[in-house]
Amino acid sequence: MNSSNSTTDKTESLKNVKQLTYQWNNMDWTQIEHDVNRLQTRIAKATVQGNKNKIQRLQYLLTHSFSAKALAVRKVTTNKGKNTSGVDKKFWSTSASKMKAVLRLTDRKYRSKPLKRVYIAKKGKNKKRPLGIPTMYDRAMQTLYALALEPVAETTGETISFGFRRGRSAKDACEQIFNVLARECSPKWILEGDIKGCFDNINHEWLLEHIPMDKQVMKQFLKSGFIYEGKLFPTDTGSPQGGAISSLYANMTLDGLEKLIQEKYYRNSIGNITNHYRAKTKVNLVRYADDFIVTANSKEIAEEVKQHISEFLTSRGLMLSEKKTLITHIDEGFDFLGWTFRKFKGKLITKPSKGSIKRLNKKLSTIILREGKAVKQSDLIRRLNQLIRGWTNYHKHVVASQAFSNVNNTLYLLLQRWAKHRHPNKNNWWRLNKYWHERNGKPWVFSCDDKVLINLRKIHIIRHPKLQIARTPFLDKEYFDKRRLKLRSPVAA
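Residues numbered from 1 in each chain as written. Predicted model: local features only at pLDDT ≥ 70, side-chain atom pairs only at ≥ 80, totals over all residues. Heavy atoms only, no water.

Draft legend 1. Structural context of the nonpolar core. Judged by nonpolar contacts, the single largest core of 76 residues is most densely connected at Ile211, Met213, Phe221, Ile245, Tyr249, Val294 and Ile309. With near-sequence residues (within four places) excluded, Tyr249 lies in contact with Leu149, Leu207, Ile211, Met213, Met218, Phe221, Leu222 and Ser239. Core analysis: the next-biggest nonpolar cluster, separate from the first, contains 50 residues, Phe162, Trp391, Ile454 and Phe480 among them. (Core = buried A, V, L, I, M, F, W, Y, C linked by side-chain atoms within 4.5 Å. Buried < 20%, exposed > 50% of the residue type's maximum accessible area, 1.4 Å probe, protein only. Contact = heavy atoms within 4.5 Å.)

What follows is the structure in structure tokens.
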């Protein structure tokens, strides 16, 4: 394995650095995205037609086009991981190095370098999950081939799948669950499913047989191995979390759960949908990435569904987590994607979960009492507003007014402790007058000259518009463009 201690590419030593820089800085990204989207749409249409040869030809055309290579490099160098290197310790930090990467990107004699293995903490747990970090070049290759695979994945993807998909979000999954469970005649029992180590355990043979992409390149992505504490380990199963194409592999591996349920519960021996049996069973699936819920009219049916899903997953090298896979009654409620779904006197109420509120309060406490002891008030307000906006925008479409009010009370108490720590010898009245002021006729607002802390009690609840789940972004581009504009509502203020 070739490695380098340099943190930047050696493009700076080339004679054509100025030319490469000029080419990158003068890219017409609007035209490039248009060219890539046009090819992706053609791949999606070929997928609908079931023309495998045409899909292969168009995928080859896309992965060897200049526009797709440029877009892949741009995605890699503008996302959150742009400053995280792989085992070769290289970054593409300059315009010249990015342009050089576009010109070098090819599948000819392509050999993937091992992943850099790191461990990151799980949310709200002491355990850590493994993360595989490819090199910048390998990330660009994965992104390039993901551009060609995504139209196939979106077109063949299940309508009830919402995670890691273009134009879909956790809020859409929330609305789908509400539509399934809100009626008086809705099913009462819920199977909460969680797949154990989904990304790490997917069967490579199954992927190579069923995923429509260049098999030689795919083998390089899957069999690259990883380096941990200076030792090289093989990757015999799974697709690493951290890979640009891994989410597509995971979604395509789990596609088929909806069809399984339809065949088991909604069709008779002839193959036609039996409305009487549909009404009797009421088995519905909603999936977000590797988490899912299945509704059923009885606990026995939920247990039966669990067995069918376990058999389905086994063929793909996966299994359900026994600790996290639960069967609960809707009157007891269940947590999914940070929300609690529960019926009170026959009415379904969706609220931010206790765990989500607890994690937010912990973050607020860390920012205010640990990291913010000596910072300026304006900087503290800026950091708090960023956190509050993100959390409230995620939850403001559910029944969250009471949760927002409780968080606001907690925030006020934390800020009082912050002010007391800064001025222990002053009384409460003095501290209030120093940090809390009147704004727009409202007294006691935590603010300074140019910053005002968000008041969570003033945030309005706005219902999230229902997604037409049969639509796909490559075949119904106009619908998703209009929906994107509709969703651009003012953020919490």
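Structure's up, so let's keep going.
Draft legend 2. View of a positive patch on the surface. The grouping of Lys127, Lys196, Lys323 and Lys324 at the surface amounts to a positive patch. Tracing the sequence through the fold places Lys323 in the loop between helix H14 (299-314) and strand S8 (326-329). For Lys323, a relative accessible area of 72% gives the class exposed. (Patch = residues over 30% accessible without salt bridge, like charges linked within 9 Å, V, L, I, M, F, W, Y side chains within 5 Å. Areas by Shrake-Rupley, 256 points an atom, 1.4 Å probe, with all protein chains shown as cover. Salt bridge = Lys/Arg side-chain N within 4 Å of Asp/Glu carboxyl O. Lys, Arg positive; Asp, Glu negative; His and termini not counted. Charge placed at Lys NZ, Arg CZ, Asp CG, Glu CD. Helix = DSSP H or I, 4+ residues; strand = E, 2+ residues; numbered from the N terminus.)

Draft legend 3. Up close: helix H18 (residues 428-435). If you check which residues of H18 are buried, you get Arg431, Leu432 and Tyr435. With its buried residues spanning 100° around the axis, H18 presents them on a single face. Along its buried surface, H18 packs onto helix H16 (377-395), helix H17 (401-422), strand S12 (436-439) and strand S13 (442-446). (Arc of directions from axis to C-beta.)

Draft legend 4. Layout of unusual backbone geometry. Positive phi, normally seen in glycine, also occurs at Phe164, with a value near 55°. Summarising the element assignment, Phe164 is placed in the loop between helix H6 (136-156) and helix H7 (170-181). Here the phi dihedral of Leu337 falls at roughly 60°; this positive angle occurs in a residue that is not glycine. One can find Leu337 in the loop between strand S9 (334-336) and strand S10 (339-344).

Draft legend 5. How the structure looks around the sheet that holds strand S4 (residues 226-228). What the four strands build is an open sheet, ordered S2-S1-S4-S5; its pairing is mixed. In this open sheet, the two edge strands, each paired with only one partner strand, are strand S2 (128-133) and strand S5 (231-233). Strand-to-strand, the axes of this sheet are offset by a mean angle of 40°, without reference to chain direction. Relative to S2, strand S1 (residues 115-121) is paired through six bridges, and the arrangement is antiparallel. Opposite Arg117, over in S2, you have Gly132 as the bridge partner. (Pairing = 2+ DSSP bridges. Axes fitted to C-alpha atoms, helices over the stretch in contact; angles between N-to-C directions.)

Draft legend 6. Fine view of the packing of aromatic side chains. Scanning the model with the defined rule gives 17 aromatic pairs in all. Here Trp436 and Phe446 contribute two aromatic rings whose centre-to-centre distance is 5.0 Å and whose plane-to-plane angle is 65°, an arrangement assigned as edge-to-face. Of this pair, Trp436 sits in strand S12 while Phe446 sits in strand S13, placing them 10 residues apart in sequence. In this pair, the class of Trp436 matches that of Phe446, namely buried. The interplanar angle of 85° and the centroid separation of 5.2 Å between the aromatic rings of Tyr479 and Phe480 together place this pair among those described as edge-to-face. Residue Phe480 is classed as buried on the basis of its relative accessible area, which comes to 5%. An aromatic cluster is built from Tyr412, Trp418, Tyr435, Trp436 and Phe446, whose rings are joined through pairwise contacts. One cation-aromatic arrangement involves Arg74 over Trp29; the distance from NZ or CZ to the ring centre is 4.6 Å. Sitting over the ring of Phe226, Arg117 keeps its end group 3.8 Å from the ring centre. (Phe/Tyr/Trp six-rings, centres within 6.5 Å; stacked < 30°, edge-to-face > 60°. Lys NZ or Arg CZ within 6 Å of the ring centre and 35° of its normal.)

Draft legend 7. Up close: the packing of H6 against helix H11 (residues 246-254). At a minimum axis separation of 10 Å, H6 and H11 run at an interaxial angle of 25°. Here H6 is positioned roughly parallel relative to H11, judged by the angle of their axes. Here the hand of the crossing between H6 and H11 comes out left-handed. Residue-level inspection shows Ala146, Leu149, Glu150, Val152 and Ala153 of H6 in contact with H11, the latter providing Leu248, Tyr249 and Met252. Among the residues forming the contact of H6 with H11, the class breakdown is seven nonpolar, no polar and one charged. (Parallel < 35°, antiparallel > 145°, perpendicular 65-115°, else oblique. Left-handed = near helix turned anticlockwise from the far one by under 90°. Nonpolar A, V, L, I, M, F, W, Y, C, P; charged D, E, K, R; others polar.)

Draft legend 8. Structural context of the sheet that holds S10. In spatial order, the strands read S9-S10-S11; together these three strands make up an open sheet with antiparallel pairing. Of all the strands in the sheet, just S9 and strand S11 (347-352) have a single pairing partner and so form its edges. Strand-to-strand, the axes of this sheet are offset by a mean angle of 30°, without reference to chain direction. In terms of strand pairing, S10 meets S11 through six bridges, oriented antiparallel. Paired with Thr340 across the strands is Lys351, a residue of S11.

Draft legend 9. Seen up close, the side chain of Gln176. Following the sequence through the fold, Gln176 ends up in helix H7. A relative accessible area of 11% places Gln176 in the buried class. Setting aside anything within four residues of it in sequence, one finds Gln176 in contact with Ile160, Phe162, Val286, Lys466 and Ile469.

Draft legend 10. Here's a closer look at H6. For H6, spanning 21 residues, the distance from its first C-alpha to its last is 30 Å, which sits close to the expected 30 Å at 1.5 Å a residue. Within H6, 20 of the 21 residues are buried, which leaves the element mostly enclosed by the surrounding structure. (Expected span 1.5 Å × (residues − 1).)

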